[in-house]
Amino acid sequence: MAILTMPAVPGIKELKPTLRQPTQINRAEFTGKRRGVKLAAAPRWMFAVAMAPVRGEAAMKPWRAFLALCEGQAGQFRLPVTERPQGRASRAGAVVDGAGQIGYQVALRGLLAGDVIEAGEFLTIGGQLLLVTASAVVANGKATVGIRPFLWAPPADGSAVEATRPYAIVSMSEDTASYAAKVGQEYEVAFACEESR
């Protein structure tokens, strides 16, 4: 199934991202000590999304079509995760530096020397949304950044990195899609979605 395009107008009013990392916690009854273990289940991003009010019938038509085309949880679409571009515009040339990378860091190239990729920024690689956990200074156009969750599918050398306007590929969290119609042709669109691989 093709990846759908979410209507761009109006913009997102509120975005609540949640990173779910399945864990198991055991606590000793006698000592009270706690031990946590990350489970093998893959972590995933979940989002609560509320769009800015949609004003007018003409502006609502693309949203009605989009919600129907999602076909419940079956459809996939790109969800932007930053309100505006992050970092320098020169990051548009960023690519993966080396094949076979998986895990909690990724090497990049095609960056501007002296740029700093800061902890808390997002990257999208191979459709996977990643959060930078350790700042990295670009040297000789290259940087290795710490990430969460782990890079689960090894991207090819030279794969594009979206570092300016990162997104997640998501599907609706439920099989129902609705909106609220108010007096004066004002509409509210809100939904829950989660990373879809």
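Residue numbering note: each chain is counted from 1, following its sequence as written. It should be noted that, the model being predicted, local features are given only for residues of pLDDT at least 70 and side-chain atom pairs only at 80 or more, the latter also being counted only at that level, while totals for whole chains, interfaces and linings use all residues. Side-chain numbers come from the whole structure's heavy atoms, not from hydrogens or water.

> What's the story with helix H1 (residues 57-69) in this structure? I'm lost.
Every α-helix winds through 3.6 residues per turn, so residues three or four apart in the chain are directed the same way. Taking 1.5 Å of rise per residue, 13 residues should cover 18 Å, and H1 covers 18 Å from first to last C-alpha, within 8% of that figure. At the C-terminal side of H1, Glu71 shows a positive phi close to 45 degrees. To qualify as a helix, a DSSP run of H or I must reach at least 4 residues; to qualify as a strand, a run of E must reach at least 2; elements of each kind are numbered from the N terminus. Helices are assigned an expected span. That span is 1.5 Å times one less than the residue count.

> Could you clarify how one ought to interpret the sheet that holds strand E8 (residues 95-96) in this entry?
The strands making up a sheet are joined through hydrogen bonds of the backbone, oriented either antiparallel or parallel. A pair of strands is treated as paired once DSSP finds two or more bridges between them. Overall, antiparallel pairing links the 6 strands, which are arranged E8-E9-E14-E12-E11-E15 in an open sheet. Where the open sheet ends on each side, the last strands, each with one partner, are E8 and strand E15 (161-162). Where E8 meets strand E9 (residues 103-109), 2 bridges bridge the pair, whose relative direction is antiparallel. Bridging across to E9, Val96 finds its partner in Leu108.

> Honestly, the pairing of strand E7 (residues 76-80) in this entry has me stumped. Any pointers?
Here strand E1 (residues 3-4) runs beside E7; their pairing, made up of 2 bridges, is parallel. Pairing of Ile3 across the sheet is with Gln76, part of E7. For E7 and strand E16 (residues 167-172), the ladder comprises 4 bridges, and the chain directions are antiparallel. Across the sheet, residue Phe77 finds its bridge partner in E16, namely Val170.

> Would you explain the packing of aromatic side chains in this entry?
Centre-to-centre distance and the angle between the planes together describe a pair of aromatic rings. In this scheme Phe, Tyr and Trp rings, the latter by its six-membered ring, pair at centre separations within 6.5 Å, and the angle between planes marks the pair as stacked below 30 degrees, edge-to-face above 60, and tilted otherwise. Following the criterion strictly, the structure yields 7 aromatic pairs and no others. Geometrically, the ring pair formed by Trp45 and Phe47 is stacked, given 6.4 Å between the ring centres and 20 degrees between the ring planes. What makes Trp45 buried here is its relative accessible area of 4%. Classification of Phe47 by relative accessible area gives buried; the value is 4%. For the ring pair Trp63 and Phe66, a centre distance of 5.7 Å and an interplane angle of 90 degrees mean the geometry is edge-to-face. Taken together, the residues Trp63 and Phe66, both in helix H1 and 3 residues apart, mark about one turn of the helix. A 1.4 Å probe rolled over the protein chains alone gives each residue an accessible area, and that area as a share of the maximum for its type sets the label: buried under 20%, exposed over 50%, partly exposed in between. Among the residues examined, Trp63 registers a relative accessible area of 0% and is labelled buried. Given the relative accessible area of 4%, Phe66 is considered buried.

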